[in-house]
Amino acid sequence: MNIHKTPRRGKVMFKGCYTASVTPMLENREIDIEGLRSLVEFQVREGVSGILAVGTTGESPTLTWDEHNLVIEKIHEFNAGRSLTIAGTGSNSTEECLKGTEHAKEIGVQAVLLVDPYYNGPSSLEIRREYVGPVAERFPELQVIPYVIPGRTGTQLLPQDLAILHSQFENVRAVKEATGNLDNMRLTRKLCGDDFDILSGDDDKTLDMMLDEAIKAAGVISVVSNVAPRAVQEMTMKILEGKIDEGKALAEKLKPLFQIVTVKTMEDTPYGPVTCKARNPLPYKTLMNILGMPSGPCRRPLGKMTKKGLNVVLSAARKVYENSPEILEPIEEFFDCRLSERLYNEKYWKSLTYD
């Protein structure tokens with residue numbers, strides 16, 4: 001049963017593709033502000049619905065809070081109101097989150113993303129009462145988007161508590177859903193009602209989430225859109241417009257890129273084989289470096305890919321480039337690079353892997 005009782009003002013606003021932007025770094029791992037400006041301009045020109053600043057893809061765990069605030073401020077400045085800026089202000093400390101959210105409000109950001117508190121592992125009840133609730137109450141003018149990703153955080157805001165938040169606060173009307181559990185998403189829709197937006201947090205599940213009538217996702221907060229913003233935006237909008245076959249066709253073209261957000265390989269060691277998992281943002285920063293986009297290295301402890309992992313990334317990118325060149329063509333136009341050279345010449349990735 002839908003427990004949502006309170007009348008809502010205005011329309012649900014979160015539809016389409018929101019790019020979870022990388023934070024480009026210089027070789028010394030300082031933030032590349034001019035590179036960030038270029039990436040934001042590329043996203044805006046390609047028509048995304050919005051840009052998320054300092055999510056997991058933006059390396060939030062290794063940025064200081066001063067750097068958090070700087071990146072949010074610069075993305076909002078460079079975006080200049082042409083699409084929605086979402087500030088990643090979540091933390092495993094509510095006080096830290098409140099301070100970051102205050103800064104976002106002061107510079108004019110309209111929406112914040114709050115990842116479930118990681119490592120200290122509060123219950124769903126505590127996440128609601130001691131974290132999301134206090135932020136939503138203190139900043140009623142901001143849209144507050146919980147980000148549910150138990151595989152990263154070790155905890156989870158459950159649909160029941162999310163529905164309570166939605167019934168209590170007009171500014172809790174969307175969730176970034178990265179549980180990978182379709183039944184969990186269906187329960188969220190059932191409890192939160194139709195005036196609530198479910199955004200995919202997993203690129204490879206977006207299509208299923210949008211087509212499932214018991215979920216009816218409104219779009220995605222996307223990693224893949226860092227390199228294919230126009231295509232991901234168009235995929236989501238085609239589905240929302242009821243042009244299902246066109247949306248499916250775009251999803252099929254993008255599928256190789258969806259599959260490299262995380263790259264798993266089996267690597268040999270002197271003590272036997274081990275599984276190596278290159279997790280977001282490492283594969284996509286590696287790809288962006290190859291393609292000639294501002295990216296730079298990840299901050300430690302993220303490092304480099306293995307040669308096997310790099311080959312997986314290259315294979316996926318080449319498949320898209322060869323079969324659907326229009327997907328990556330905007331990169332060539334905007335960044336003035338030749339993918340026919342960069343995807344096939346070792347000099348562009350020689351330094352991007354461990355020996």
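Cut-offs and rules
- Residues numbered from 1 in each chain as written.
- Predicted model: local features only at pLDDT ≥ 70, side-chain atom pairs only at ≥ 80, totals over all residues.
- Heavy atoms only, no water.
- Helix = DSSP H or I, 4+ residues; strand = E, 2+ residues; numbered from the N terminus.
- Rg over C-alpha atoms; globule rule 2.2 N^0.38 Å.
- Contact = heavy atoms within 4.5 Å.
- Buried < 20%, exposed > 50% of the residue type's maximum accessible area, 1.4 Å probe, protein only.
- Pairing = 2+ DSSP bridges.
- Salt bridge = Lys/Arg side-chain N within 4 Å of Asp/Glu carboxyl O.
- Patch = residues over 30% accessible without salt bridge, like charges linked within 9 Å, V, L, I, M, F, W, Y side chains within 5 Å.
- Areas by Shrake-Rupley, 256 points an atom, 1.4 Å probe, with all protein chains shown as cover.
- Lys, Arg positive; Asp, Glu negative; His and termini not counted.
- Charge placed at Lys NZ, Arg CZ, Asp CG, Glu CD.
- 1 Å grid on protein atoms, 1.4 Å probe; cavity = no way out; pocket = protein on both sides within 12 Å on 5 of 7 lines; lining within 4 Å.
- Points joined across faces, edges and corners; volume = space filled by probe spheres on them.
- Nonpolar A, V, L, I, M, F, W, Y, C, P; charged D, E, K, R; others polar.

Colleague: Explain the overall build of the chain to me, please; I cannot follow it from the model alone.
Modeller: The secondary structure content of the chain amounts to 14 helices and 10 strands. Relative to its length of 355 residues, the chain is compact, with a C-alpha radius of gyration of 20 Å against a globular reference of 20 Å. Projecting the C-alpha coordinates of the chain onto the three principal axes gives extents of approximately 60 × 45 × 45 Å. Within the chain, residue pairs in contact and separated by at least 24 positions form 70% of the contacts whose partners lie at least 6 positions apart.

Colleague: What's the story with the pairing of strand E1 (residues 16–20) in this structure? I'm lost.
Modeller: Within a regular beta strand, the side chains point alternately toward one face of the sheet and then the other, so they alternate between its two faces. Across the 5 residues of E1, 5 count as buried, placing the element largely inside the fold. Pairing between E1 and strand E8 (residues 219–222): 4 bridges, direction parallel. If you follow cysteine 17 over to E8, its bridge partner there is valine 220. Pairing of E1 with strand E2 (residues 50–53) involves 3 bridges; the strand directions are parallel. Residue pairing across strands places threonine 19 opposite isoleucine 51, the latter belonging to E2.

Colleague: Hey, could you run me through the pattern of salt bridges in this one?
Modeller: Side chains that carry opposite charge are capable of pairing whenever their charged atoms lie near each other. Tallied over the entire structure, the rule returns 19 salt bridges. Between glutamate 102 and lysine 105 there is a salt bridge whose closest N-O contact spans 3.6 Å. A residue pair is termed a helical-turn pair when its members lie 3 or 4 positions apart in one helix, as glutamate 102 and lysine 105 do in helix H3 (residues 94–106) at 3 residues. Looking at glutamate 102, the relative accessible area reads 25%, which means it is partly exposed. The exposure class assigned to lysine 105 is partly exposed, which follows from its relative accessible area of 29%. For glutamate 241, the salt bridge is made with lysine 243, and the minimal N-O distance between the two is 3.6 Å. Accessibility expressed as a relative area gives 37% for lysine 243, which makes it partly exposed. A single network of salt bridges, built from pairs that share partners, joins Glu41, Arg45 and Arg82.

Colleague: Looking at this structure, how should I read a positive patch on the surface?
Modeller: Together, Arg152, Lys264, Lys277 and Arg279 make up a region of like positive charge exposed at the surface. As for its position among the elements, lysine 264 is in strand E9 (residues 263–267).

Colleague: Teacher, can you tell me more about helix H11 (residues 282–291) here?
Modeller: Note on helix geometry: an α-helix contains 3.6 residues per turn, so any two residues three or four positions apart are oriented the same way. In terms of burial, H11 is largely enclosed, as 9 of its 10 residues are buried. Buried within H11 we find Leu282, Pro283, Tyr284, Lys285, Thr286, Leu287, Met288, Ile290 and Leu291. Note on H11: the residue one or two positions beyond its end, glycine 292, has a positive phi of about 95°.

Colleague: Looking at this model, I keep getting lost on the layout of surface pockets. Mind explaining?
Modeller: Gaps left between atoms show up when a probe the size of a water molecule is rolled over them. Estimates place the volume of the largest pocket at around 740 Å³. Lining the largest pocket are 40 residues, with Thr56, Ser60, Pro61, Arg152 and Asn280 sitting closest to its centre. Grouping the constituent residues of the lining of the largest pocket by class yields 18 nonpolar, 15 polar and 7 charged. Its volume calculated, the second largest pocket comes out at about 590 Å³. Every residue lining the second largest pocket is counted, 29 residues in all, and those nearest its centre are Ile149, Gly201, Asp202, Val261 and Thr262. Here the lining of the second largest pocket takes 3 residues from helix H5 (residues 150–153), the largest share from any one element. A per-class count over the lining of the second largest pocket returns 10 nonpolar, 10 polar and 9 charged.

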